[in-house]
Amino acid sequence: MTATIIDGKAFAAGLRARVGDAAAAFTRAAGRRPGLAVVLVGEDAASAVYVRSKGKATVAAGMESFEHRLPADTDEAALLALVERLNADDAVDGILVQLPLPPHIDERAVIARIDPAKDVDGFHPVNAGRLATGLDALVPCTPLGCLMLLKDLHPSLSGMEAIVIGRSNIVGKPMGQLLLGESCTVTTAHSRTRDIAAHVRRADIVVAAVGIPAFVKPDWVKPGATVIDVGINRTETGLVGDVDPAVAAVAGAMTPVPGGVGPMTIAVLLRNTLVAAGRRAGVTVDEGAL
Ligand code: NAD
């Protein structure tokens, strides 16, 4: 068997187009564009690239982009003050503080200061708690993008065995919550899990968010399983995922790296910004149609 390759790039382009249409409808109804503020502290090259592409994609979707670039030696109080100003700014529907922050700034304190209604990254404890308790939440972009790809392939995930490898607050934990919300039976594996291969072998759905190149091996995977590779690892041979490409010979469907989960993250960020704008302005956004 050769796995169907899941085209995340095409799915993300479709999502961006749907968000663009809905953003235009929002603008007509609200008399202003949805707005996303992105804050970058310091000169980390990869972060600067992400921030630039987020800004471009925001404008292309018919939204307002506000970029705030602060020097690396910005102190925590100054960053918190900027977050407060953005919280109070009515033109701003979404606030994203690009991580990682320089080591002298407490990331948790900054995330906790963002108005949960504008927390389009979904990292605020209120949104994490709302997701965990099944309330409407702003959900972290990467795992929500993974779920969209999965549901495109399997409209009902109910009863499926799923394994999430990785338990970060950004990917692994919210991914597990989303799959639980879809009535999967969820296993979360992490660096202390014994015999990961045995757990993976049971799974109909495998989500790998580990940060180790080619971590998931072909003989771990149940034939026909759907494999979602979140990993982005820069190696001498280029970008590689957390899943050994040879898994494609066993899996039923699989995301490539690059071109799988990666393009979904920014598309979902735009979706979250629109959803936040709709909720804040009291303008109906058909979230199910996005
Ligand atoms: P992280 O470093 O915060 O978490 C990694 C997780 O993997 C940890 O929970 C850890 O317990 C687990 N882990 C580490 N070694 C392990 C081992 N030997 N066996 C089992 N589990 C192990 O990373 P993260 O932020 O969750 O990101 C994970 C990967 O996803 C990275 O490659 C990152 O670059 C990528 N990522 C991609 C996107 C995207 O847009 N596609 C977004 C975020 C992260």
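This structure is a prediction, so every number in the text was calculated from the model and none was measured. (Residues numbered from 1 in each chain as written. Predicted model: local features only at pLDDT ≥ 70, side-chain atom pairs only at ≥ 80, totals over all residues. Heavy atoms only, no water.)

What about the pattern of salt bridges?
Turning to step 1, where the next piece is worked out: For the structure shown, the criterion picks out nine salt bridges.
Turning to step 2, where the next piece is worked out: Ionic pairing is found between R69 and E67, a salt bridge with its closest N-O pair at 3.2 Å.
Turning to step 3, where the next piece is worked out: Exposure remark for R69: the relative accessible area of 46% places this residue in the partly exposed category.
Turning to step 4, where the next piece is worked out: Measuring nitrogen to oxygen at the nearest pair gives 4.0 Å for the salt bridge that ties R202 to E161. Here E161 lies in strand β5 (residues 161-165) and R202 lies in the loop between α8 (196-201) and β7 (205-208), a separation of 41 residues in the sequence.
Turning to step 5, where the next piece is worked out: Judged by relative accessible area, E161 falls into the partly exposed class, the value being 26%.
Turning to step 6, where the next piece is worked out: Put simply, R32, D90, D93 and R280 are held in one network by salt bridges that share partners. (Salt bridge = Lys/Arg side-chain N within 4 Å of Asp/Glu carboxyl O. Buried < 20%, exposed > 50% of the residue type's maximum accessible area, 1.4 Å probe, protein only. Helix = DSSP H or I, 4+ residues; strand = E, 2+ residues; numbered from the N terminus.)

Topic: the site of the ligand
Turning to step 1, where the next piece is worked out: Near the ligand, the surroundings consist of 20 residues, among which R167, S168, V230, I232 and T265 are the closest.
Turning to step 2, where the next piece is worked out: Note that an oxygen atom of the ligand is positioned 2.5 Å from one of the side-chain N or O atoms of S168.
Turning to step 3, where the next piece is worked out: Notes on the ligand: free accessible area 850 Å², of which the protein chains cover 70%.
Turning to step 4, where the next piece is worked out: A class-by-class count of the residues in the shell around the ligand yields nine nonpolar, ten polar and one charged. (Near = heavy atom within 4 Å. Polar contact = N/O pair within 3.5 Å; in protein donor to acceptor, adjacent residues only side chain to side chain. Areas by Shrake-Rupley, 256 points an atom, 1.4 Å probe, with all protein chains shown as cover. Nonpolar A, V, L, I, M, F, W, Y, C, P; charged D, E, K, R; others polar.)

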